[in-house]
Amino acid sequence: MLASKYHINTSKEAPAEAEVISHKYMLRAGMIRKLGAGIYTYMPLGFKVLKKVEAIVREEMNNAGAIELLMPVVQPAELWMKTERWNAYGPELLRFKDRHSRDFIIQPTSEEVITDIVANEVHSWRQLPLNFYHIQTKFRDERRPRFGLMRGREFLMKDAYSFDRNEEEANKSYQKMYDAYTRIFTRLGLKFRAVNADTGSIGGSRSHEFQVIAQTGEDLIVYNPNSDYAANIELAEAVSLIDKRAPATRDLELVETPNCTKCELVAEYLNVPLETNVKSVVFSVEKDSGEKVLCMLLIRADHELNDVKVSKLPFFKEAKSYDMATEAQIMEFFGSTPGYLGPVKPLKEVVVIADRTVANMSDFICGGNKDGTHYVGVNWGRDLPEPQVEDIRNVVEGDPSADGNGTLAIDRGIEVGHVFFLGDKYSSKLRAVYLDENGKEAVIQMGCYGIGVSRIVAAAIEQNHDENGIIWPLPMAPYEIVICPIGWSKSEEVKAKCLELYEQFKAAGYDVILDDRDMRPGVMFTEWELIGIPIRVTVGERGLKEGVIEVQKRTESEAKKLSLTEVSNYVKSVYEDLSIRV
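None of these values were measured; they are calculated from a predicted model. (Residues numbered from 1 in each chain as written. Predicted model: local features only at pLDDT ≥ 70, side-chain atom pairs only at ≥ 80, totals over all residues. Heavy atoms only, no water.)

(A) Quick look at the packing of helix 2 (residues 44-63) against helix 6 (residues 167-187). Between helix 2 and helix 6, whose axes approach to 9 Å, the crossing angle comes to 150°. With respect to each other, helix 2 and helix 6 are oriented roughly antiparallel. Seen along the crossing, helix 2 lies across helix 6 with a hand that is right-handed. On helix 6, the residues touching Ile56, Val57, Glu59, Glu60 and Met61 of helix 2 are Met177, Ala180, Tyr181, Arg183, Ile184 and Arg187. (Axes fitted to C-alpha atoms, helices over the stretch in contact; angles between N-to-C directions. Helix = DSSP H or I, 4+ residues; strand = E, 2+ residues; numbered from the N terminus. Parallel < 35°, antiparallel > 145°, perpendicular 65-115°, else oblique. Left-handed = near helix turned anticlockwise from the far one by under 90°. Contact = heavy atoms within 4.5 Å.)

Laid out in structure tokens, this is it:
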């Protein structure tokens, strides 16, 4: 491609609304243009990157035995009503009526549609297993779309769905997709981790997120550098930081703690470490019978409660509903305002659940259930009953790893892929069944596998950039090589050599662009650094007289001066070094 025949429109500044690096650089490099809140047009350079990502995704999905189809963007509401997601999904689901007043949605995902297809077309065990996928536009009506492609409303996604006879076979399909995802993100040249994750609104029982490591990521990724253990912070197991509970050494005492409504203030007032304090969080839980009970969750004062872990506790999972206790409820059950709560001597019976670390604490401090007071020297068994013990807190950097092999590290990540084992969550509701070898009806077991194709583009930039612009991994770059002439219109020798190299690189199969726009060198180099082309070949009259051409990798600050005969072999070696092979 000749640059003069292409559309390149870069800018020195990004709009004020662009908050993260990927958003700023994609706008400045002319890769996307905003149409509306969270809705973007992919300009030629950005679209080229998108198609390269899509090609790798498609190739690995096909290699894994998945079959491509294309499902509609618009879906009838009836299917979503059958799976009970019409109301459950929330305002992110964009709903509308057609001219006949029938309800429809703009799809955020396609579980209902693909399950309906299989329910109507698969009837025998001989037709299984199956895995269908498509790469299609999705829409989620984010309340606050931001960060460009990172959290837009319209996005491109690959979603796949496996269908198997039983859970054992479904787990084999799950593993095939997990392995395919590992190959996809490796081939794209991204630093990533696959982590145990919550299934969220999709549902199901087994789940992994694929996270691109980047400091601007919204998710916290917990991992053990010494093993394969990795998990989203919501699911990372927190072991007790105290191996064994020590015996009591002091008596229970109610002390004055005026204006100390937070554990940090209590620790400062009493001149004790924060780690000796216990924090109380109280929920009002409604049982199926309609009865409401209060549940007090206890964590060490320097720790944070993990809402996802709490939601998975049987006591909460089996409840009709639950929410934070009101101030009136707290006053009724404990006799104090929220800042002075504790598990010792409440006015009414409450359920007490302690984190593993708290369960092994002794002589600890907690609220006195009377304004302006706290108990010190609190001990389990003596001063209050032994609690129910659960893992209910977030891990922190340096915690012991649950696998017993070293300590945990925490990084930030951007979720770009997610695999779920769904079981019969959708197939049972939409009657996706088959007849087994004995002619008996059985429900199909499903898996769901998503990749944010457009989000990968933004995540790659968040991970790979410098102060000058984007640094594309070679498999994703809009062009792999740019040829930059110095004096294109002034030197026939420069022009001839550039055209020779251009044809030579094309013949070798490289994706190359020749900048024939006759720009000043500084401006030209700055623009291509912003766009992020991995290899730059510079041809100038002075260099040709000396018998040299400059080749520079985008990741390096200095160019290499090579003889005319060395250029091709060096570019080939650089290309092979930057290429990702699995």
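There's more to say after this.
(B) A look at the pairing of strand 30 (residues 548-553). The element strand 30 is largely enclosed, with a buried count of 5 among its 6 residues. Where strand 30 hands over to strand 31 (residues 560-563), the hairpin turn is made up of 6 residues, counted between the paired strands. (Buried < 20%, exposed > 50% of the residue type's maximum accessible area, 1.4 Å probe, protein only. Pairing = 2+ DSSP bridges.)

(C) The arrangement of the packing of aromatic side chains in detail. Evaluation of the coordinates by the stated rule reveals 17 aromatic pairs. Judged by centre distance (5.9 Å) and plane angle (75°), the ring pair of Phe283 and Tyr322 falls under edge-to-face. Linking Phe283 in strand 14 (residues 278-286) with Tyr322 in strand 16 (residues 321-324), this pair joins segments that are 39 residues apart in sequence. The exposure class assigned to Phe283 is buried, which follows from its relative accessible area of 7%. Classification of Tyr322 by relative accessible area gives partly exposed; the value is 33%. Among the aromatic residues, those joined into a cluster by ring pairs are Tyr178, Tyr181, Phe185, Phe192 and Phe210. Cation over ring: Lys348 sits above Phe333, and NZ or CZ is 5.3 Å from the ring centre. Above the ring of Tyr426, the side-chain terminus of Lys425 is found at 5.6 Å from the ring centroid. (Phe/Tyr/Trp six-rings, centres within 6.5 Å; stacked < 30°, edge-to-face > 60°. Lys NZ or Arg CZ within 6 Å of the ring centre and 35° of its normal.)

(D) Layout of helix 6. The terminal C-alpha atoms of helix 6 lie 30 Å apart, and with 21 residues this matches the ideal 30 Å at 1.5 Å per residue to within 8%. Count one or two residues on from helix 6 and you reach Gly189, which has phi positive near 80°. (Expected span 1.5 Å × (residues − 1).)

(E) Geometry of the sheet that holds strand 19 (residues 373-378). Pairing is antiparallel in the open sheet, where 3 strands are placed in the order 13-19-18. Only two strands of the sheet have a single neighbouring strand rather than two, namely strand 13 (253-256) and strand 18 (364-367). Each strand of the sheet is rotated relative to its neighbour by a mean of 30°, with strand direction disregarded. The pairing of strand 18 with strand 19 spans 3 bridges and is antiparallel. Paired with Phe364 across the two strands is Val378, which belongs to strand 19.

(F) Here's a closer look at the pattern of salt bridges. Scanning all chains against the criterion turns up 41 salt bridges. A salt bridge links Glu111 to Arg85, with the nearest nitrogen and oxygen atoms 3.0 Å apart. Placement of the pair is Glu111 in helix 5 (residues 111-121) and Arg85 in helix 4 (residues 85-88), with a sequence separation of 26 residues. Judged by relative accessible area, which is 0%, Glu111 ranks as buried. By relative accessible area, Arg85 is classed as buried at 4%. Arg151 is the partner of Glu218 in a salt bridge, and the nearest nitrogen-oxygen pair spans 2.8 Å. In this pair, Glu218 sits in the loop between strand 10 (206-213) and strand 11 (219-223) while Arg151 sits in the loop between strand 7 (130-139) and strand 8 (154-164), placing the two residues 67 residues apart along the sequence. Taking the relative accessible area as the measure of exposure, Glu218 reaches 34% and is therefore partly exposed. Using a relative accessible area of 25% as the deciding quantity, one classes Arg151 as partly exposed. (Salt bridge = Lys/Arg side-chain N within 4 Å of Asp/Glu carboxyl O.)

(G) Fine view of the domain arrangement of the chain. Splitting the chain by domain gives domain 1 (3-237 + 410-461), domain 2 (253-394) and domain 3 (479-581). Of note, the centres of domain 1 and domain 3, computed from C-alpha atoms alone, are 38 Å apart. On the side of domain 3, 13 residues touch domain 1, which itself brings 16 residues to the contact. Both sides of the domain 1 and domain 3 interface together cover about 1200 Å² of buried area, and 64% of this is carbon and sulfur. Viewed at the interface, domain 3 and domain 1 are joined by 2 salt bridges. A salt bridge links Lys52 to Asp511; the nearest nitrogen and oxygen atoms lie 2.8 Å apart. On inspection of domain 1 and its partner domain 3, the count reaches 6 residue pairs in polar contact (both at pLDDT 80 or more). At the level of elements, helix 1 (21-28), helix 2 and helix 6 are the ones that each hand at least two residues to the side of domain 1 that touches domain 3. Per element, the largest residue contribution to the side of domain 1 that touches domain 3 is 3 residues, and it comes from helix 2. For the side of domain 1 that touches domain 3, a count of residues per class yields 7 nonpolar, 5 polar and 4 charged. (Domains from an automatic or database assignment. Buried area = accessible area lost by both parts, 1.4 Å probe. Polar contact = N/O pair within 3.5 Å; in protein donor to acceptor, adjacent residues only side chain to side chain. Nonpolar A, V, L, I, M, F, W, Y, C, P; charged D, E, K, R; others polar.)

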